[in-house]
Amino acid sequence: WVPVVGLEIHAQISSNSKLFSGSQVQFVAPPNSLVSFFDASLPGTLPVLNRRCVEAAVMTGLALNCSVNKKSLFDRKHYFYADLPAGYQITQQRVPIAVNGSLSYSVCIDNKMSQMVTKTVRIKQIQLEQDSGKSLHDDTRSQTLVDLNRAGVGLMEVVMEPDMCCGEEAAAAVRELQLILQTLGSSQAVMAEGQLRVDANVSVHHPGEPYGVRTEVKNINSLRFLAKAVDYEIQRQIEELENGGTILNETRAFDSKLGCTVPMRDKEAKQDYRFMPEPNLPPLILYDTKSLPANMNHQQVVNIDWIHERLPDLPSVKRAKLVEQYGILPEHSFTLLNEDGLTEFFENVVTQTQMKPKKVIGWILKDLLSYLKQHSLTVKESPVSSFLLADLLNLIEKKEISSTAAKQVLSELWKGEGKTPLDIVKEKKLELIQDQKELEEICQAVIDGQENEVMAIKAGNRKVLNKLIGLVQRETQGRANPVLVKQLLEKKLSE
Amino acid sequence: QTVTVEVLDHLEHLALVDFRDSEGVERLQKAIQFADQLHEVNTDGIEPMDSVLEDRCLYLRDDDVTEGNCMKELMKNAREKVEEYFVAPPGNIPLPKLEEQDAFLQSS
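This is a predicted model, so every value here is computed, not measured.

K.L.:
Describe the overall build of chain A, and please don't skip the residues or the numbers.
P.N.:
Scanning chain A from terminus to terminus reveals 15 helices and 17 strands. Dimensions of chain A, computed from the C-alpha atoms along their principal axes, are close to 95 × 65 × 55 Å. Sorting the 495 residues of chain A into buried and exposed places 51% on the buried side. A separation threshold of at least 6 residues defines the contact pool for chain A, and within that pool the share at least 24 residues apart is 68%. Summed over its atoms, the accessible surface of chain A is roughly 24,200 Å², and 50% of this surface lies on carbon and sulfur atoms. Side chains of chain A give 57 positive and 62 negative charges; the mean places of these two sets differ by 2 Å.

See below:
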């Protein structure tokens, strides 16, 4: 069976006002307070296009390697629903603003981060369209409460061709898109706040045969659920077909509690949207430096080249730069970019410490990040600042404490009691033993107490040396420099 | 070419319009015939025009907040409201199927 997955992603444009009206865009506000007469679809109102929304769509199109259409058109898509007061949505069905792009993303083979594969998904198009209002269903009183605050907010619909084959690929592609949108600033793309909504189109077929009937899966609220929903739907279709059943071309909702997809009630009949050109809006014309007319008002011009020149480094470029600049591994760069603020934290530590970035990254990804995850903290909420961590790493570099001791200091620092690393080292007496004679005595004591191990080492089993080093560390409560200990032990054992 | 019952039913569902009786259907039929006169124009090789505004410049607005905050005024139009929400029926109320048409018409 070959599963086929395509995605339709709606990203809310990050702008002050709506796509066709001057009312404010804000997630939380008193019901119907961010609604203009146009948003409420009162007669006599007309759409006026927001330039910022056009720029956001052009930026996104360029970042996704699309051809930006210098002339695009607006259309009306008709359907009846309480949160769509006009009875139609203004969208771009015939000629959208951008077409034929691509998005590269990485997936891990067998869940091993060290084995990452790059995949590409084609972007069919990006179109500008209006968001609808919100319906709150009150089943007890058999009514729907409608809040139009969201009605008319600008959306970019990004259509991804069915080049993906499973939940993991779908989630990875959306994650990369999310990072790109956030880097561009064209959308904040926070799924939990409805700024990024994903619908999946899923079908299965046998290799060599034509594509199977596809279903649309909606109501997916997180990347994790996206992967689950897609994988569940693939399985469901395979089982259905293997049992001799057929797949209906229907819309299904993902039930996150049950982890399955169910048919959606209101969407059973095939929709006929009766698309027609939006008569109140002329074509949207975009310019580049060549086609720019000489005496046009700045404010009325969207120049594709001008936007292209100002695109920030995309995530893939940022990762490559991190790998090159700091000598870290590609999978490290993925983790750095994946956590909000982590790259900045890492770079801040690097500038404040003598420790090489290749060593610093271990502390960031293994110690800092795992602690943050355990306590569900974001990087910004970290009780250990980059300054403190750099301070700690410097103590290791100056050979004042061992790595093991440093880990102890770190767990103290997490408590956020305002102590410096040095304070804690002194308090817990974690300084490395500087007195060579003292160390030699301890080493000798350990050697004297471990006859069997000593014989094994002298017989050629070098690995047992590590056990002796460990015993010395235990004796010194982690205050011995392991490199020095090894040297001393080896010297003594060869005597 | 006449308007079939199936097409009529489909149109009524899409547009939530009720053609009600044979006079209404007649009128619809005549409207279609009137519009069909457009076919008499030879449009070979001509780009379709979908708006008389096609040569106009699409005005671009600055991204400033200039509207909104008029909940009370908007609510004046609401037949029913709950706190500051508009009230609507629970879902789309489906029109009765073809077979039930007559009973529906009689009862309204």
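Back to the text.
K.L.:
If you had to explain the packing of helix α12 (residues 436-449) of chain A against helix α15 (residues 482-494) of chain A to someone new, which residues and values would you point to?
P.N.:
Residues and elements named next belong to chain A. Look at α12 against α15: their axes get within 10 Å of each other, and the N-to-C directions meet at 55°. Between α12 and α15, the angle is such that the two are oblique. In terms of crossing hand, the pair formed by α12 and α15 is right-handed. Touching Gln-436, Leu-439, Glu-440, Cys-443, Gln-444 and Ile-447 of α12 are Leu-484, Val-485, Leu-488, Leu-489, Lys-492 and Leu-493, all from α15. Across the contact of α12 with α15, the residue classes tally to eight nonpolar, two polar and two charged.

K.L.:
Just give me the short version of α12(A), but keep the residues and values in it.
P.N.:
Residue and element names in this part refer to chain A. Between its first and last C-alpha atoms α12 spans 20 Å; for 14 residues at 1.5 Å apiece the expected length is 20 Å, and the two agree. Within the span of α12, buried status applies to Leu-439, Ile-442, Cys-443, Val-446 and Ile-447. One side of α12 carries all its buried residues, which in axial view fall inside an arc of 140°. Among the exposed residues of α12, those pointing more than 90 degrees away from its buried face are Lys-437, Glu-441, Asp-448 and Gly-449.

K.L.:
Give a detailed account of the side chain of Arg252(A), specifying residues and quantitative values.
P.N.:
Residue and element names in this part refer to chain A. If you trace the backbone, Arg-252 turns up in strand β14 (residues 251-255). Of the polar contacts made by the side chain of Arg-252, one reaches the side chain of Glu-250; its length is 2.6 Å. What Arg-252 contacts, discounting residues up to four positions off in sequence, is Thr-215, Glu-216, Val-217, Lys-218, Glu-233, Arg-236, Thr-261, Val-262, Pro-263 and Met-264.

K.L.:
Talk me through the sheet that holds strand β6 (residues 88-91) of chain A; I want residue IDs and the actual numbers.
P.N.:
Strand order in the open sheet made by the three strands is β6-β5-β16 (chain A), with antiparallel pairing throughout. The outermost strands of the open sheet, each flanked by one partner alone, are β6 and β16 (276-277) of chain A.

K.L.:
If you had to explain the pairing of strand β1 (residues 2-12) of chain A to someone new, which residues and values would you point to?
P.N.:
All names here are of chain A. Taking burial as the measure, the 11 residues of β1 include nine buried ones, the bulk of the element. Where β1 lies against strand β12 (residues 196-205), 10 bridges are found, and the strand directions are antiparallel. Opposite Val-5, over in β12, you have Val-202 as the bridge partner. Pairing geometry for β1 and strand β11 (residues 154-164), over seven bridges, is antiparallel.

K.L.:
Can you break down the interface of chain B and chain A residue by residue, with the values?
P.N.:
At the interface, 39 residues of chain B touch 52 residues of chain A. Buried area between chain B and chain A, both sides added, is near 3,900 Å², and the carbon and sulfur share of it is 58%. For the chain B face of the interface with chain A, the top three residues by lost area are Leu58(B), Leu60(B) and Arg61(B), together amounting to 20%. The interface formed by chain B and chain A includes one salt bridge. Counting across the interface, chain B meets chain A through 24 residue pairs in polar contact (both at pLDDT 80 or more). Breaking the side of chain B that touches chain A down by element, the ones donating at least two residues are α1 (5-15), β1 (60-61), α3 (71-75) and β3 (85-88) of chain B. Of the residues that constitute the side of chain B that touches chain A, the class distribution is 20 nonpolar, eight polar and 11 charged. Pairing of strand β2 (residues 49-50) of chain A with β1(B) involves two bridges; the strand directions are parallel. Considered in β1(B), the bridge of Asn50(A) is made with Arg61(B).

K.L.:
Lay out the packing of aromatic side chains with the relevant residues and their values.
P.N.:
To describe a pair of aromatic rings, you give the distance between the ring centres and the angle between the ring planes. All names here are of chain A. The final tally for this structure, using the stated rule, is six aromatic pairs over all chains. By way of ring pairs, the aromatic residues Tyr-79, Tyr-273 and Phe-275 are connected into one cluster. Sitting over the ring of Tyr-273, Lys-77 keeps its end group 4.4 Å from the ring centre.

K.L.:
Run through the domain arrangement of chain A, naming residues and quoting values.
P.N.:
Residue and element names in this part refer to chain A. What the domain assignment reports for chain A is domain 1 (2-277), domain 2 (315-428) and domain 3 (436-494). Placing the centre of domain 1 and that of domain 2 at their C-alpha centroids yields a distance of 37 Å. Contacts between domain 1 and domain 2 engage nine residues on the former and nine residues on the latter. Where domain 1 packs against domain 2, one counts one salt bridge. One salt bridge in this structure joins Glu-176 and Arg-319, with 2.8 Å as the shortest N-O distance. For the pair domain 1 and domain 2, the interface holds two residue pairs in polar contact (both at pLDDT 80 or more). For the side of domain 1 that touches domain 2, the elements supplying multiple residues, two or more each, are β8 (112-130) and α2 (167-184).

Rules used in this analysis
Position labels on residues start from 1 in each chain and follow its written sequence. A letter from A marks each chain and a number from 1 marks each ligand, given out in the order of writing. Since the coordinates come from a predicted model, pLDDT governs what is reported: local features require at least 70, and pairs of side-chain atoms require 80 or more to be given and counted, while whole-chain, interface and lining totals use all residues. Hydrogens and waters are ignored; side-chain quantities use all the structure's heavy atoms. In DSSP terms, a helix is any run of H or I states spanning at least four residues, a strand is any run of E spanning at least two, and both are numbered starting from the N terminus. With a 1.4 Å probe rolled over the protein chains alone, any residue whose accessible area is under 20% of its type maximum counts as buried; one over 50% counts as exposed, and the rest are partly exposed. We call two residues in contact when some of their heavy atoms are within 4.5 Å. Throughout, the Shrake-Rupley method with a 1.4 Å probe supplies accessible areas, and for residues the shown protein chains are the sole cover considered. A residue counts as positive if it is Lys or Arg and as negative if it is Asp or Glu; His and the chain ends are not included. The location of each charge is read from NZ of Lys, CZ of Arg, CG of Asp or CD of Glu. A fitted line through C-alpha atoms represents every axis, and for helices the fit uses only the stretch in contact; the resulting angles, taken between N-to-C directions, go from 0 to 180 degrees. Oblique is the label for any angle not covered by the other classes, which are roughly parallel (under 35 degrees), roughly antiparallel (over 145) and roughly perpendicular (65 to 115). Note: crossing handedness is left-handed where the near helix turns anticlockwise from the far helix by less than a right angle, and right-handed where it turns clockwise. Ten residues, namely Ala, Val, Leu, Ile, Met, Phe, Trp, Tyr, Cys and Pro, are considered nonpolar, four, namely Asp, Glu, Lys and Arg, are considered charged, and the remaining ones, Gly among them, are considered polar. A helix is expected to reach a length of 1.5 Å times the quantity of its residues less one. In this description, the arc belongs to the directions extending from the helix axis to the C-beta atoms. A 3.5 Å cut-off defines polar contacts: any pair of N or O atoms within that distance qualifies, except that in protein one atom must be a possible hydrogen donor and the other a possible acceptor, and neighbouring residues in sequence count only when both atoms are side-chain atoms. In this scheme, strands are said to pair when DSSP sees at least two bridges between them. Take the accessible area each of two parts loses on contact, using a 1.4 Å probe, and add the two losses: that sum is the buried area. Only one rule defines a salt bridge in this text: a Lys or Arg side-chain nitrogen within 4 Å of an Asp or Glu carboxyl oxygen. Only centres within 6.5 Å qualify two rings of Phe, Tyr or Trp (six-membered ring in Trp) as a pair; their planes then separate them into stacked at under 30 degrees, edge-to-face at over 60, and tilted for everything else. The rule is short: NZ of Lys or CZ of Arg within 6 Å of the ring centre and within 35 degrees of the ring normal puts a charge over the ring. Boundaries of every domain are those given by an automatic assignment or by a domain database.

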